Amino acid sequence: MEFRDLKRQYQLHKAEIDGAVQEVIDSTHFILGPQVVQLERELAQYTGVKHCISCANGTDALQLALMAWEIGKGDAVFVPDFTFFSSGEVVPLTGAVPVFVDIDKDTYNISVDSLRSAIEYVIRNTDLQPKVIVAVDLFGRPADYNAIRQIAKQYGLLVLEDAAQSFGGMADDRKTCSFGDISTTSFFPSKPLGCYGDGGAVFTDNDEWADKLASLRVHGKGSDKYDNIRIGMNSRLDTIQAAVLLQKLRFLEEELEKCGWAAARYSECLRGMVKIPAESGSMRSGWAQYTICLKDIEERERVIAQLNADGIPSAIYYKKPMHRQAAFAANLIQAVSCENTEYICERCLSLPFHPYIQETEIEAVCNSIRKALAK
Ligand SMILES: *Cc1c(COP(=O)(O)O)cnc(C)c1O
């Protein structure tokens, strides 16, 4: 069994994808070719956001957003303590300081109470200027943007939506990538909309930021690429990747439906046995992961061992709170305690999950977990 099976998807759509890739090779328009322009148009339309600026990966997308806002030395950026490293890594790259915020124990997304406390702490106890809230749609579930927006408005902060795991997700009839002042996503192969290498994109309704982002991704270009008006990056999406994504966008909705079905099937099997993902209500998750929570570290070890013995892969996303990562030690500001993150890091476990997972596979995973818990 595969943790995220990318082969089944390719086998199903091999003809279209191979054709699209070959077309780029024949054209030799490898960088910012017409497929990139078309993809940006289609992604903007899909998400309902005015501008989409593609780039090299989801980490660059976050960095480009902070650069467009000219975040830097003396600024504080609030980041959930429970996320992939990138969400925080980009902050020191700009010279700003990341302030880690605890999560909600049920949704695994940023806790608005902890966020408010962290902002108050920074205002009272540091010389830093609070500037940005990075809200991550963890495992695919949109963060609580109504509450986050309210806090952002109260303190005059910008919202950066890290939708790397939630492309295609929805809340309040809006798609993810539309909730931030700027939003970003990743097309890493195992993400909800993945390409065949690295890729990412930035979304915004703001014309001025969109122009700046388009400049920043090509060495801070001005009127042309040999006129450089600011320090930027080399962060473009390859035309081949855009061609793959244009094909995959055609069946994304169908895949998201399949994911919804698979998640419901898992939850039906596991309810009462382990803690299952929180009900999504009227939201739609992008289902990057199906993550359960065990009683304690010992029980998690037992479940992993049984899954291993039954030939079933699993993964711990994430084992270590951001504030414990050595990379941040040099200028860490511990504004709030992150007890929920500590708790979840010791107990979470992500199970094999993808649109093409079979009912028999889900049953095998659940049986293996049942066996482990009975020991
Ligand atoms: C994957 C991921 C990123 C980074 O995306 P890359 O394309 O791998 O650079 C950023 N944030 C989160 C939450 C992610 O899961």
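A brief report on the enclosed structure follows. Remember, predicted model here, so these are calculated numbers, not experimental data. Throughout this description, residue numbers start from 1 for each chain and increase along the sequence as written. Per-residue local features are limited, in this predicted model, to residues with pLDDT of at least 70; the limit for side-chain atom pairs, both in listing and counting, is 80 or more; totals at the level of whole chains, interfaces and linings are taken over all residues. The basis for the side-chain values is all heavy atoms of the structure; hydrogens and waters are excluded.

1. Some points on the packing of aromatic side chains
Pairs were defined over the aromatic rings of Phe, Tyr and Trp, the Trp ring being its six-membered one, requiring ring centres within 6.5 Å. Orientation was assigned from the angle between planes: stacked under 30 degrees, edge-to-face over 60, tilted for the rest. This structure, assessed with the given rule, holds 19 aromatic pairs. Taken together, Phe3, Phe82, Phe84, Tyr108, Phe139, Tyr317 and Tyr318 form an aromatic cluster joined through their ring pairs. By definition here, charges over rings are those cases where NZ of Lys or CZ of Arg is within 6 Å of the ring centre and within 35 degrees of the ring normal. We note Lys105 situated over the ring of Tyr343; from NZ or CZ to the ring centre the distance is 4.1 Å. Sitting over the face of the ring of Tyr343, Arg347 holds its NZ or CZ atom 3.7 Å from the ring centroid.

2. A short note on the sheet that holds strand 9 (residues 200–204)
Between any two strands, pairing holds if DSSP finds at least two bridges. A run of H or I in DSSP becomes a helix once it reaches four residues, and a run of E becomes a strand once it reaches two; helices and strands are each numbered from the N terminus. A sheet is described by the order of its strands in space; here seven strands give the open sequence 1-9-8-5-4-2-3, paired in mixed fashion. A single partner strand is all that each edge strand has here, and the edge strands are strand 1 (51–55) and strand 3 (97–101). Taking the axes of each pair of neighbouring strands and ignoring which way they run, one obtains an average angle of 25° across the sheet. In terms of strand pairing, strand 5 (residues 158–162) meets strand 8 (residues 182–186) through three bridges, oriented parallel. Counterpart to Asp162 in the pairing with strand 8 is Thr184. The contact definition used throughout considers only heavy atoms, calling two residues in contact when any of these lie within 4.5 Å. Helix axes are fitted only over the stretch in contact, all axes being lines through C-alpha atoms; the angle between N-to-C directions runs from 0 to 180 degrees. Running at roughly 165° to strand 8, helix 3 (residues 58–68) makes contact with strand 1, strand 4 (129–136), strand 5, strand 8 and strand 9 of the sheet. Helix 4 (residues 86–94) rests against strand 2 (75–80), strand 3, strand 4 and strand 5 of the sheet, and its axis sits at about 150° to strand 3.

3. Regarding unusual backbone geometry
Note the cis peptide between Tyr317 and Tyr318, where omega equals 5°. With respect to the helices and strands, the residue Tyr318 is situated in the loop between helix 10 (297–309) and helix 11 (339–347). Positive phi is not limited to glycine here, since Leu32 has a value of about 50°. One non-glycine residue, Asp172, lies in the positive phi region at around 50°. Tracing the backbone shows Asp172 in the loop between strand 6 (170–171) and strand 7 (174–175).

4. Here's the deal with the site of the ligand
Around the ligand, a shell composed of 14 residues is seen, among which Gly58, Thr59, Asp162, Ser186 and Lys191 lie nearest. Whenever a nitrogen or oxygen atom comes within 3.5 Å of another N or O atom, the pair is scored as a polar contact, on the condition that within protein one atom can donate a hydrogen and the other can accept it, and that pairs from neighbouring residues in sequence are kept only if both atoms are in side chains. The backbone of Gly58 places a nitrogen or oxygen atom 2.7 Å from an oxygen atom of the ligand. Separating an oxygen atom of the ligand from a side-chain N or O atom of Thr59 is a distance of 2.5 Å. The protein chains shown are the only cover counted for residues, whose accessible areas, like all others here, come from Shrake-Rupley with a 1.4 Å probe. Across the complex, the protein chains shield 93% of the 380 Å² of accessible surface that the ligand would expose by itself. The distinction between a cavity and a pocket rests on a 1 Å grid over the protein atoms alone: a 1.4 Å probe fits inside a cavity but cannot get out, while a pocket stays open yet meets protein on both sides within 12 Å along at least five of seven lines, and a residue with an atom within 4 Å of a point counts as lining. More than half of a molecule's atoms within 2 Å of the grid points is what it takes for that molecule to sit in a cavity or pocket. The pocket occupied by the ligand, as judged from atoms lying within 2 Å of grid points, is the largest pocket. Listed by contribution, the elements that provide at least two residues to the shell around the ligand are helix 3 and helix 4. When grouped by side-chain class, the residues that make up the shell around the ligand number three nonpolar, nine polar and two charged. Residues are classed as near a molecule or strand on a simple rule: at least one heavy atom within 4 Å of it. Residues were grouped as follows: Ala, Val, Leu, Ile, Met, Phe, Trp, Tyr, Cys and Pro as nonpolar; Asp, Glu, Lys and Arg as charged; and all remaining residues, including Gly, as polar.

5. Some details on the side chain of Arg265
Within the fold, Arg265 resides in helix 9 (residues 252–270). A distance of 2.3 Å separates the side chain of Arg265 from the side chain of Glu359, its partner in a polar contact. With near-sequence residues (within four places) excluded, Arg265 lies in contact with Glu359, Ile362 and Glu363.

6. Some points on the pattern of salt bridges
Just to be clear on terms, a salt bridge is a Lys or Arg side-chain nitrogen sitting within 4 Å of an Asp or Glu carboxyl oxygen. For the coordinates displayed, the defined rule picks out 23 salt bridges. With a closest N to O distance of 2.6 Å, Lys212 and Glu70 form a salt bridge. Of the two residues, Lys212 sits in helix 7 (residues 207–216) while Glu70 sits in the loop between helix 3 and strand 2, which places them 142 residues apart along the sequence. Think of it in three bands: residues with accessible area under 20% of the maximum for their type are buried, residues over 50% are exposed, and the middle band is partly exposed, with areas taken using a 1.4 Å probe on protein chains only. Owing to a relative accessible area of 12%, Lys212 belongs among the buried residues under this scheme. One salt bridge connects Arg265 with Glu363, and the closest N-O pair in it is separated by 3.5 Å. With a gap of 98 residues between them, Arg265 in helix 9 and Glu363 in helix 12 (residues 359–374) connect regions that are remote in the sequence. The network of salt bridges with shared partners includes Arg265, Glu268, Glu359 and Glu363.

7. Some thoughts on empty space enclosed by the protein
One water molecule sets the probe size; rolling that probe over the atoms shows where empty space is left. Grid points are joined across faces, edges and corners, and a volume is the space filled by probe spheres set on the points. Counted by the stated rule, this structure contains two cavities of 30 Å³ or more. Approximately 80 Å³ is the volume attributed to the largest cavity. What lines the largest cavity is a set of 13 residues, among which Arg4, Leu6, Gln9, Glu255 and Pro355 lie closest to the centre. Grouping the amino acids of the lining of the largest cavity by side-chain chemistry returns five nonpolar, three polar and five charged. Taken as a whole, the second largest cavity encloses approximately 40 Å³ of empty space. In the lining of the second largest cavity, the residues fall into five nonpolar, one polar and two charged.

8. A closer look at helix 12
Along its 16 residues, helix 12 runs 23 Å from first to last C-alpha, staying within 8% of the 22 Å computed at 1.5 Å per residue. What helix 12 keeps buried is the set Glu361, Ile362, Val365, Cys366, Ser368, Ile369 and Ala372. One face of helix 12 carries all of its buried residues, which in axial projection span an arc of 155°. Across helix 12 from its buried face, at more than 90 degrees, point the exposed residues Thr360 and Ala374. Where the residues of helix 12 are buried, they touch helix 1 (7–27), helix 9, strand 10 (290–293), helix 10 and strand 11 (348–351). Expected span, for any helix, means 1.5 Å times one less than how many residues it has. Note that the arc is computed from the directions linking the helix axis to the C-beta atoms.

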